Amino acid sequence: MAAENTFAFRGTYYHTPTYGSLDALRDVVLIVQEGKIVRIANGHEETAVQAEFGLAEVRRLKAGQYFVPGFIDTHVHAPQYLFTGTGTDVPLMEWLRKYTFPAECSFQDLEAARHRYLLLVKRFLANGTTTAMYYGSLHLQPNLVLVDSIERLGQRGVVGKVNMDRLSSDDYIENTADGLRDAEKFVTYTMGKKCSRIQPCITPRFIPTCTPELMKGLAEIAQKYGCHIQSHISECCGQVNCVREMHPEYASDAAVFEEMGLLTSRTVMAHGTLLTDDDIRHLARRGTAVSHCPLSNFMFGDAFFRVNHALSLGLKVGLGTDVAGGISPSMLFAQRMAVVNSRCIRAHKLAVSGGTTVTPEMEKDVITFKEALWLATVGGAQALDMADIVGTFEVGKEFDALLVDTNLSGTSGPFDVFEGEDDDQRFEKFINLGDDRNLIEVYVQGVCVKRGDEFLLDGSNVTKSAEEDSDRVMSAPTPAEPETAYVDLAHRADSSDEAASLDVGAAAEDGAPAPESESEPPTKRLRY
Ligand code: GUN
Ligand code: FE
């Protein structure tokens, strides 16, 4: 008898179970039941498997079609989609005031928010982002609209209401108590949906706009509900200098976040271009991940994030578009930027050497498209604590997948395929040249949410509208596991200017901790 909600595809599946390798499951029959992969059989077993699962058909992919795991974007500012592709003329701190805060504030118009968020989620799904870690905006209501939009269109999301109780513009700021109350309301609203695809996230925007009282209160909410946490860390000189002035008693952004209780195994910190090796090791011990946002780091970052180096220190690393700091919503573009970023580090090291000899040490930072794909799938899944659910094609995981068609030729597609090119070459062309036109079907939890130009869910799966339900409160689930013991490292009393202008791309090549300042010995040991 045919099992309900069961289907199968026979063909080739590409994925990256280990960093640096691209595995092809060639000519396999992959069976999905209730959203999960339940069997991966050899193609020649098709008839037997079809009978076993009572399937009316096993769909065969055409030559040149492949499945790849859905992309996981670990850092997106949902309301900033409004001005993506514009406003790239100023440094971060000015950019926030000039473009970002006014744009985010305008989402108080809920009709506009509804319209814009549907477009946003559609755009991201169309580009293959099956899971996104979203920042919403400051005000509670538009964030509920964002959650509804994700639910309605069938995407997987970790979503946060942005909190800011200082140093923002006068019309885009909250007081501490209101911020904490609304953050909790947002969490209970989102959890109350009982939609396994959508989880709430505690979101102190970044240290400059959050008082210690707010950050500590948010950490308590995260602990109470077992929530994800997201923020920005050591992104660029302007931001780092600002934090050093505000919190001279702390060695680094990481030390501040540590003291506030915000570094957990469910925390994702964006950027990290100016993290020291000590910081990275500390985040790694906490199980905190960094979202590598190469494109926006080129715009704002002042330094390079070194993926291989961070991974070698045990850090979890995912990939992010950072829309709109990054000007593209495409995770394919982010993957290419990650590769380019890595080669810039190599070029930078060569330039600093003053010579023409590329040493093995210079090559260490270089990543290939395979590693970039790992970051966009497995790395993201690890960062979001979903590594046992998504990221690869394995029995027991949920089927979040993109059906890639490399047969579009001429102007109907972004690249051409020539005679003699094999599957691996076609797939590499897709990663390096492909775009949304190649993604002919998008699956989340075994549901086809987009086929061709059509989004297949019509909104009937939405529980309630934001307005109807903003005050819904559910009882708290079991609190999260307490974090492991604090690690006691010496506080470094850096000169803030020196620390902030550090060229991390060239520094600490041997992985040695930065030296302590000689003129100002440590005055205090911090819990970091
Ligand atoms: N730091 C604080 N807010 C933001 C933001 O919206 N984008 C980026 N790139 N960095 C930030
Ligand atoms: Fe950001």
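Residues numbered from 1 in each chain as written. Chains lettered and ligands numbered in written order. Predicted model: local features only at pLDDT ≥ 70, side-chain atom pairs only at ≥ 80, totals over all residues. Heavy atoms only, no water.

- In the annotation of an unreviewed UniProt entry, the entry for the protein reads Guanine deaminase, and the organism field reads Volvox reticuliferus.
- Per UniProt, the protein carries the Pathway (unreviewed entry) text "Purine metabolism; guanine degradation; xanthine from guanine: step 1/1."
- According to the UniProt record, the Sequence similarities (unreviewed entry) comment for the protein is "Belongs to the metallo-dependent hydrolases superfamily. ATZ/TRZ family." (UniProt positions renumbered as here; feature names shortened; annotations may be inferred.)

Details of the nonpolar core
At step 1: Counting residues in hydrophobic clusters, the biggest one holds 108 residues, and the most contacted among them are L120, Y134, I202 and F427.
At step 2: Considering each element in turn, this core owes the most residues, eight residues, to helix α3 (residues 110–126).
At step 3: If sequence neighbours within four positions are ignored, L120 has contacts with A78, Y81, Y134 and L146.
At step 4: Judged by nonpolar contacts, the second largest core, of 14 residues, contains F9, L61, F393 and A401. (Core = buried A, V, L, I, M, F, W, Y, C linked by side-chain atoms within 4.5 Å. Buried < 20%, exposed > 50% of the residue type's maximum accessible area, 1.4 Å probe, protein only. Helix = DSSP H or I, 4+ residues; strand = E, 2+ residues; numbered from the N terminus. Contact = heavy atoms within 4.5 Å.)

A short note on the pattern of salt bridges
Note that side chains of opposite charge can pair when their charged atoms are close.
At step 1: All chains considered together, the criterion is met by 29 salt bridges.
At step 2: In this structure, R60 engages E46 in a salt bridge whose closest nitrogen and oxygen atoms are separated by 2.9 Å. Here E46 lies in helix α1 (residues 46–52) and R60 lies in strand β4 (residues 59–60), a separation of 14 residues in the sequence.
At step 3: Among the residues examined, R60 registers a relative accessible area of 52% and is labelled exposed.
At step 4: Exposure remark for E46: the relative accessible area of 10% places this residue in the buried category.
At step 5: Residue R181 pairs with D178 through a salt bridge whose shortest N-O separation is 3.3 Å. On the criterion of helical spacing, the pair formed by R181 and D178 is a turn pair, its members being three residues apart in helix α5 (residues 176–192).
At step 6: Among the ionic contacts, a cluster of salt bridges with common partners joins R10, D27, E46 and R60. (Salt bridge = Lys/Arg side-chain N within 4 Å of Asp/Glu carboxyl O.)

Comments concerning the sheet that holds strand β8 (residues 156–163)
At step 1: Strand order across the open sheet formed by eight strands is β6-β7-β8-β9-β10-β11-β12-β13, with parallel pairing between neighbours. Of all the strands in the sheet, just β6 (71–77) and β13 (316–319) have a single pairing partner and so form its edges. Neighbouring strand axes in the sheet, compared pairwise and without regard to direction, differ in orientation by 25° on average.
At step 2: This element, helix α4 (residues 140–153), spans β7 (129–135), β8 and β9 (198–204) of the sheet and lies at about 175° to β8. (Pairing = 2+ DSSP bridges. Axes fitted to C-alpha atoms, helices over the stretch in contact; angles between N-to-C directions.)

Quick look at the coordination of the iron ion (ligand 2)
Ideal geometry at a metal gives 109.5 degrees between four tetrahedral donors and either 90 or 180 degrees between six octahedral ones.
At step 1: The iron ion (ligand 2) binds to the protein through H75 (NE2), H77 (NE2), H232 (NE2) and D322 (OD); the donor distances cover 2.1 to 2.4 Å.
At step 2: One way to put it: the four donor atoms around the iron ion (ligand 2) meet at angles of 84 to 175°, and that makes the site irregular.
At step 3: Counting along the primary sequence, the residues that act as donors to the iron ion (ligand 2) give the motif H-x1-H-x154-H-x89-D. Of this pair, H77 sits in strand β6 while H232 is found in strand β10 (residues 228–233), placing the two residues 155 residues apart along the sequence. Each member of the pair, H77 together with H232, is buried. (Donors = N, O, S within 2.8 Å, 3.2 Å for Na, K, Ca; no water. Tetrahedral: all angles 85-135°; square planar, octahedral: opposite > 155°, others 65-115°.)

Topic: the site of ligand 1
At step 1: Around ligand 1, a shell composed of H77, Q80, L92, W95, L96, R205, F206, H232, E235, H271 and D322 is seen.
At step 2: Contacts to ligand 1 include Q80, whose side-chain N or O atom sits 2.8 Å from an oxygen atom.
At step 3: Here a nitrogen atom of ligand 1 and a side-chain polar atom of H232 are 3.4 Å apart.
At step 4: For ligand 1, whose unbound accessible area comes to 280 Å², protein coverage reaches 100%.
At step 5: A majority-of-atoms criterion places ligand 1 in the largest cavity.
At step 6: Per-element accounting of the shell around ligand 1 gives the leading share, three residues, to helix α2 (residues 92–105). (Near = heavy atom within 4 Å. Polar contact = N/O pair within 3.5 Å; in protein donor to acceptor, adjacent residues only side chain to side chain. Areas by Shrake-Rupley, 256 points an atom, 1.4 Å probe, with all protein chains shown as cover. 1 Å grid on protein atoms, 1.4 Å probe; cavity = no way out; pocket = protein on both sides within 12 Å on 5 of 7 lines; lining within 4 Å. Sits in = over half its atoms within 2 Å of the grid points.)

Looking at empty space enclosed by the protein
At step 1: Enumeration over the complete set of coordinates arrives at two cavities of 30 Å³ or more.
At step 2: Roughly 80 Å³ of internal volume is contained in the largest cavity.
At step 3: Residue lining of the largest cavity: H77, Q80, L92, W95, L96, R205, F206, H232, E235, D322 and G325, and that is the complete set.
At step 4: When residues of the lining of the largest cavity are assigned to their parent elements, the largest contribution, three residues, is made by α2.
At step 5: Each residue belonging to the lining of the largest cavity can be placed in one class, and the counts come to four nonpolar, four polar and three charged. (Points joined across faces, edges and corners; volume = space filled by probe spheres on them. Nonpolar A, V, L, I, M, F, W, Y, C, P; charged D, E, K, R; others polar.)

A few points about the environment of F9
At step 1: As for its placement among the helices and strands, F9 is situated in strand β1 (residues 6–15).
At step 2: Along the sequence, F9 and V58 sit 49 residues apart, while their C-alpha atoms lie 5.6 Å from each other.
At step 3: If near-sequence neighbours (up to four positions away) are discounted, F9 is found in contact with V28, V29, L30, V58, R59, L61, F67, E441 and Y443.

Points about the pairing of strand β12 (residues 289–292)
At step 1: Neither face of β12 is exposed, since A289 and S291 on one face and V290 and H292 on the opposite face are all buried.
At step 2: One ladder, built from three bridges, connects strand β11 (residues 267–271) with β12; its direction is parallel. Bridge pairing in β12 links A270 to S291.
At step 3: Running through helix α9 (residues 277–286), the crossover from β11 to the neighbouring parallel element β12 is right-handed.
At step 4: Note that β12 and β13 share four bridges and pair parallel. Its bridge partner lying in β13, S291 is registered against G318. (Right-handed = clockwise from strand over helix to strand, strands pointing away.)

So, the packing of aromatic side chains
At step 1: On inspection of all chains with the given rule, the structure shows 23 aromatic pairs.
At step 2: Centroid distance Y81 to F124: 6.4 Å. Interplanar angle 75°. Geometry classified as edge-to-face. Here the residue Y81 occupies a position in the loop between β6 and α2, and F124 occupies one in helix α3, the gap between them amounting to 43 residues.
At step 3: With a centroid separation of 6.3 Å and an interplanar angle of 65°, the aromatic rings of F124 and Y134 are classed as edge-to-face. Taken together, the residues span a long stretch of sequence, with F124 in helix α3 and Y134 in strand β7 at a distance of ten residues. Both residues of the pair, F124 and Y134, belong to the buried class.
At step 4: Three or more aromatic residues link up through ring pairs in this structure, and these residues are F7, F9, Y13, F67, F393, F399 and Y443.
At step 5: Above the ring of F107, the side-chain terminus of R116 is found at 4.7 Å from the ring centroid.
At step 6: Stacked on the ring of F455, the Lys or Arg K450 has its end atom at 5.6 Å from the ring centre. (Phe/Tyr/Trp six-rings, centres within 6.5 Å; stacked < 30°, edge-to-face > 60°. Lys NZ or Arg CZ within 6 Å of the ring centre and 35° of its normal.)

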